[in-house]
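Below are the chains, spelled out letter by letter.
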Amino acid sequence: MPWDRNQMAARAAQELEDGTYVNLGIGIPTLVSNYIPEGVDVTLQSENGMLGMGPFPTEDEIDADLINAGKQTITELDRTSYFNSADSFAMIRGGHIALSILGAMEVSETGDLANWMIPGRLVKGMGGAMDLVAGVKRVVIIMDHTNKAGETKLLKACTLPLTGKAVVDRVISNLGVFDIAEGGLKVVELADGVTMDEVREKTDATLVE
Amino acid sequence: MPWDRNQMAARAAQELEDGTYVNLGIGIPTLVSNYIPEGVDVTLQSENGMLGMGPFPTEDEIDADLINAGKQTITELDRTSYFNSADSFAMIRGGHIALSILGAMEVSETGDLANWMIPGRLVKGMGGAMDLVAGVKRVVIIMDHTNKAGETKLLKACTLPLTGKAVVDRVISNLGVFDIAEGGLKVVELADGVTMDEVREKTDATLVE
Amino acid sequence: MAQKNYSDANSALEGLLFDGMTIAAGGFGLCGIPENLIAAIRDSGVKDLTVYSNNAGVDEFGLGVLLQTKQVKKMVSSYVGENAEFMRQYLSGELELEFNPQGTLAERMRAGGAGIPGFYTKTGVGTLVAEGKEEKDFDGETYIMERGIVADLAIVKAWKSDEHGNLLYRKTARNFNPLAATCGKVTVAEVEEIVPLGSLNPDNIHTPSIYVQRFVQGEHEKRIEQRTIREA
Amino acid sequence: MAQKNYSDANSALEGLLFDGMTIAAGGFGLCGIPENLIAAIRDSGVKDLTVYSNNAGVDEFGLGVLLQTKQVKKMVSSYVGENAEFMRQYLSGELELEFNPQGTLAERMRAGGAGIPGFYTKTGVGTLVAEGKEEKDFDGETYIMERGIVADLAIVKAWKSDEHGNLLYRKTARNFNPLAATCGKVTVAEVEEIVPLGSLNPDNIHTPSIYVQRFVQGEHEKRIEQRTIREA
């Protein structure tokens, strides 16, 4: 059976390495912080100017001056530091963040990523995503394998405006885990009960073993 | 009679405008802070990372962590802020400092300044001087009109490696005050008893009235 | 000491506003936005503004109010996601919008304030953002050149100011504010509290007073966009 | 939590030193210099170093000790004025010296740490510093391009570190330290005091822990170059 949102997040949490600094995008990637493995200590960066992001606040702890990049109220930890947006993206652009986990609209077999606009229909803006994919050492995407219309999001080439070119290292979809490799997408693992046939059927990108 | 060091500094202090931020160079320019006119409030920047430089400390107040750009021990004020060297020169390069008063080896009639090296003989380095003359809105030089060998320091063109090209606005020498103007150096005022003949004799740069 | 302290937001902006001007604004979403100065700009009726700001607030709060009154000609932003009127004006062509990646926008403000007219970044290479921009290779990788921003006016929101204009921000309400403060030809800050000279630790000033030409104490609603909580 | 705290300067540098490497060092004159790490580098005997540092200490203190032992092949500095051995080695051709204006050197470190390979500045235009550098006009003025610095190792001196490596500096001992910290592939900090997690105010951290891979507590002589006093 394909993974649900939480299972995808839990699988993505296995990407986290002890002692590293990590940026989690808005949406499913935010859920990853619920599944950080025992014994793994990571420091979460929020690109609006914070290292050491804590959990959501209790009602009493809510502070309008303390939000994450998704504008959600959050809390601080005993290791937290705050800084301005230029310093935040200096960290990101300068390669000091080990891992970024982001959502996507489309990913190509060469690691191109599209996740910021659908021309003429939906314009959200790239926010910090272009900086993250350009600067962070390792970029992992969490997304459903297909869109709401049932069309694959893993393509030979993206059709939407790009967020970055050849920037994705790994995709975790509801069907499994795929690496951008020489010649196409390499299947790393499949969700329990998902077959290669199903993956082939739902993937436009070249699959390599 | 030509001005002495303190008289030059006192004259330079008249350049200070109320409410402005000012950088004073090493040597005679440092003395300017002793002559700030009554009712004029200026904030002194020290390019090693401080706004609001106070006077020298008493013996008891000496703090090895608190020095100015000349490596002299100093004190802080109730308006003081500290910052790093990139932020310090962001202020300087970005044009936020109203006035810089510096020493010089040579000044040309077009406002070129040389004050950082004599090839093969003396190499101190430019320190922050190149940044100051490039970024600060108004640059005033305090220097003796002639060097120890009696040769003029106000030239048609500098002979030493430049600190900046067309950067000087005004020169205060021991003989008087001179502005870089269209066509040459304009005499603004002379020290008491100094004659135009003496100035002409000791100046290589073109003098305009 | 030059008087920088103004009694209200309207007087703090007096003489600084003109049609067609550029304004850099601090804030991220609705966090750390200069609410009072935005309201004063709305009340002034100044128009044809170009505004550099990461977001444009929501429809009826933050910079969104200047979109509703159509005082803004052009926005330079990274994100419009929470603002339906913004997206509508953009898609209909009423509003010019230049998308800047968030880090590029922040760095452009810092660069402009620091006398740096251009810098190179990998961000946006191979995307729409790179179109029309100069490319250059360094050590085998391609970068694009982005320009520093200098705005006619910067409006920022801080937590505290001392009487000299040294500013402190609080938590993630800092965001773009210190950068906007550096890139304005004139910078006006609104603060929650004005404290006496000497009461701030000089090691911890976020925006040195040299960047603040005027400041004013204001009331702040501090609206929250996404109130997310966990069980106690 | 990854262990960043080392017992002494020698062990804090273990495995990081190699001949021909580049090192970025904090400090201005003798103020805020990583005394203990410099001594450990001297003791290691590593050679052919390229050192990015505003000054090179004095003859027998600060980076001056690495000049005396001839471990330095090249210095990138803005000022050599207080160091006779430095000037002698330079004038005799034993030491390579690249003069950088102080603000350019600081910005080069910041840029390197921030993923910016090049930026434009007016500083040095029309001088020796501009020779061999690309020039470009912006809005009718000429600028030169300067490169970001990324060093194999950065050594910095801070006042306090918490157990996670968040650093505070004190007064003008801050200077180049936070910038050097960002531009090292590995950064080692020496501090006067290590304080418990949670004892620093998160609004006032000067160098976030992400930039500090190792830290060590040291004894600091803090020599003063120009002891200037006024009468009490």
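Remember, it's a predicted structure, so these values are computed and weren't measured experimentally.

Criteria and thresholds
- Residues numbered from 1 in each chain as written.
- Chains lettered and ligands numbered in written order.
- Predicted model: local features only at pLDDT ≥ 70, side-chain atom pairs only at ≥ 80, totals over all residues.
- Heavy atoms only, no water.
- Helix = DSSP H or I, 4+ residues; strand = E, 2+ residues; numbered from the N terminus.
- Rg over C-alpha atoms; globule rule 2.2 N^0.38 Å.
- Buried < 20%, exposed > 50% of the residue type's maximum accessible area, 1.4 Å probe, protein only.
- Contact = heavy atoms within 4.5 Å.
- Least-squares fit on C-alpha atoms with pLDDT ≥ 70 in both.
- Phe/Tyr/Trp six-rings, centres within 6.5 Å; stacked < 30°, edge-to-face > 60°.
- pLDDT = per-residue confidence, 0-100.
- Pairing = 2+ DSSP bridges.
- Buried area = accessible area lost by both parts, 1.4 Å probe.
- Salt bridge = Lys/Arg side-chain N within 4 Å of Asp/Glu carboxyl O.
- Polar contact = N/O pair within 3.5 Å; in protein donor to acceptor, adjacent residues only side chain to side chain.
- Nonpolar A, V, L, I, M, F, W, Y, C, P; charged D, E, K, R; others polar.
- Axes fitted to C-alpha atoms, helices over the stretch in contact; angles between N-to-C directions.
- Parallel < 35°, antiparallel > 145°, perpendicular 65-115°, else oblique.
- Left-handed = near helix turned anticlockwise from the far one by under 90°.
- Lys, Arg positive; Asp, Glu negative; His and termini not counted.

### Observations regarding the overall build of chain A
Here comes step 1: Each helix and strand in chain A was counted, giving 5 helices and 15 strands.
Here comes step 2: In terms of overall dimensions, chain A is globule-like: its C-alpha atoms have a radius of gyration of 17 Å, near the 17 Å expected for 209 residues.
Here comes step 3: Dimensions of chain A, computed from C-alpha atoms along their principal axes, come out at roughly 50 × 40 × 30 Å.
Here comes step 4: Considering chain A as a whole, with its 209 residues, one finds that 65% of them fall into the buried category.
Here comes step 5: Relative to all contacts within chain A whose residues are 6 or more apart in sequence, the contacts with residues 24 or more apart total 61%.

### Comments concerning the relation of the copies chain C and chain D
Note on the chain copies: they are related by a rotation about an axis and a translation along it.
Here comes step 1: Its rotation angle being 180°, the transformation that places chain C on chain D also includes 0.0 Å of axial translation and leaves an RMSD of 0.0 Å. Taken together, the rotation and translation relating the two chain copies correspond to the operation of a two-fold axis. Closest to the rotation axis within chain C is the C-alpha of Phe119 of chain C, separated from it by 2.1 Å.
Here comes step 2: Mapped onto chain D, 100% of the interface residues of chain C again fall at the interface, so both copies present the same surface.

### Considering the packing of aromatic side chains
By convention here, two paired aromatic rings are described through the distance between centres and the angle between planes.
Here comes step 1: Counted according to the given criterion, the structure contains 9 aromatic pairs over all chains.
Here comes step 2: Relative to Phe99 of chain C, the ring of Trp116 of chain A has its centre 5.2 Å away and its plane inclined at 85°; by these criteria the two rings are edge-to-face. Taken together, the residues Trp116 of chain A in the loop between strand S7 (113-114) and strand S8 (117-118) and Phe99 of chain C in strand S5 (residues 96-99) connect one chain to another.
Here comes step 3: Since its relative accessible area comes to 3%, Trp116 of chain A is described here as buried.
Here comes step 4: With a relative accessible area of 11%, Phe99 of chain C lands in the buried category.
Here comes step 5: Measuring from ring centre to ring centre gives 5.9 Å for Tyr120 of chain C and Tyr120 of chain D, while their planes differ by 50°; the resulting arrangement is tilted.

### Notes on helix H3 (residues 85-93) of chain A
All names here are of chain A.
Here comes step 1: Within H3, 8 of the 9 residues are buried, which leaves the element mostly enclosed by the surrounding structure.
Here comes step 2: Turning to H3, its buried residues number three or more, namely Ser85, Ala86, Ser88, Phe89, Ala90, Met91, Ile92 and Arg93.
Here comes step 3: Downstream of H3 by a residue or two, Gly95 has a phi angle that is positive, lying close to 80°.

### Structural notes on the environment of Val199 of chain B
All names here are of chain B.
Here comes step 1: Inspection of the secondary structure puts Val199 in helix H5 (residues 196-201).
Here comes step 2: Relative accessible area serves as the criterion here: at 0%, Val199 is assigned to the buried category.
Here comes step 3: Val199 sits 37 residues away from Leu162 along the chain, and the two C-alpha atoms are 24 Å apart.
Here comes step 4: Those residues in contact with Val199 that lie beyond four places of it in its chain are His145, Leu175, Phe178, Leu190, Val194 and Leu207.

### Some details on the confidence of the model for chain C
Here comes step 1: Averaged over all residues, the pLDDT of chain C equals 96, while 99% of them reach at least 70.
Here comes step 2: The ipTM assigned to the predicted complex is 0.97, against a pTM of 0.98.

### Thoughts on the pairing of strand S5 (residues 99-102) of chain B
All names here are of chain B.
Here comes step 1: Because side chains alternate across S5, one face comprises the buried residues Leu99 and Ile101, and the other comprises Ser100 and Leu102, equally buried.
Here comes step 2: The sheet contact formed by strand S1 (residues 21-24) and S5 spans 3 bridges and is parallel. The residue of S5 that forms the bridge with Leu24 is Ile101.
Here comes step 3: Where S5 lies against strand S10 (residues 138-143), 4 bridges are found, and the strand directions are parallel. Residue pairing for S10: Leu102 is matched across the bridge by Ile141.

### Some details on the interface of chain C and chain D
Here comes step 1: The interface of chain C with chain D comprises 22 residues on the first partner and 22 residues on the second.
Here comes step 2: Between chain C and chain D lies a buried interface of about 1900 Å² when both sides are counted; carbon and sulfur atoms form 46% of it.
Here comes step 3: For the interface between chain C and chain D, the tally reads 6 salt bridges.
Here comes step 4: As a salt-bridge pair, Asp139 of chain C and Arg147 of chain D come within 3.3 Å of each other at their nearest N and O atoms.
Here comes step 5: Elements with a contribution of two residues or more to the side of chain C that touches chain D: helix H5 (102-113), strand S6 (118-121), strand S7 (135-138) and strand S8 (141-147) of chain C.

### Some remarks on the interface of chain C and chain A
Here comes step 1: Facing the 50 residues of chain C at the interface are 49 residues of chain A.
Here comes step 2: Regarding the contact of chain C and chain A, the summed buried area is about 4100 Å², with carbon and sulfur atoms giving 61% of it.
Here comes step 3: In terms of surface lost to chain A, no three residues of chain C exceed Lys171, Thr172 and Arg230 of chain C, which account for 16% of the buried area on that side.
Here comes step 4: At the boundary of chain C with chain A, the tally comes to 6 salt bridges.
Here comes step 5: Applying the counting criterion to the chain C and chain A interface returns 26 residue pairs in polar contact (both at pLDDT 80 or more).
Here comes step 6: Of all the secondary-structure elements, those providing two or more residues to the side of chain C that touches chain A are helix H4 (84-91), H5 and helix H6 (177-183) of chain C.
Here comes step 7: No other element matches the 6 residues that H5 of chain C contributes to the side of chain C that touches chain A.
Here comes step 8: Within the side of chain C that touches chain A, the residues separate by chemical class into 20 nonpolar, 17 polar and 13 charged.

### A few points about the packing of H3 of chain A against H5 of chain C
Here comes step 1: Axis separation between H3 of chain A and H5 of chain C bottoms out at 8 Å; the angle between their running directions is 125°. When the axes of H3 of chain A and H5 of chain C are compared, the pair comes out oblique. The way H3 of chain A lies across H5 of chain C gives a crossing that is left-handed. Of the residues in H5 of chain C, those in contact with Ser85, Ala86, Phe89 and Arg93 of chain A of H3 of chain A are Gln102, Gly103, Thr104, Ala106, Glu107 and Arg110 of chain C.
Here comes step 2: Counted by class, the contact of H3 of chain A with H5 of chain C contains 3 nonpolar, 4 polar and 3 charged residues.

### A few points about the pairing of strand S3 (residues 50-53) of chain A
Here comes step 1: Sheet topology note: the strand S2 (residues 43-46) of chain A/S3 of chain A ladder contains 2 bridges and is antiparallel. Its bridge partner being in S3 of chain A, Gln45 of chain A is matched across the sheet by Leu51 of chain A.

### Structural notes on the side chain of Arg174 of chain C
Here comes step 1: With respect to the helices, strands and loops of the structure, Arg174 of chain C is situated in the loop between strand S10 (167-168) and H6.
Here comes step 2: Comment: no salt bridge for buried Arg174 of chain C; closest opposite-charge side chain is Asp203 of chain D, at 4.3 Å.
Here comes step 3: Look past the residues within four positions of Arg174 of chain C in its chain and what remains in contact with it is Tyr82, Phe83 and Asn84 of chain A, Tyr169 and His206 of chain C together with Asp203 of chain D.

### Points about the pattern of salt bridges
All names here are of chain B.
Here comes step 1: With the rule as written, the count across this model stands at 65 salt bridges over all chains.
Here comes step 2: Taking the shortest distance from any N to any O, the salt bridge between Glu15 and Arg170 comes out at 2.8 Å. You can see Glu15 sitting in the loop between helix H1 (5-13) and S1 and its partner Arg170 sitting in strand S12 (residues 170-173), a full 155 residues away along the chain. Of the two residues examined, Glu15 and Arg170, each falls in the buried class.
Here comes step 3: Lys202 is the salt-bridge partner of Glu198, the closest N and O atoms lying 3.0 Å from each other.

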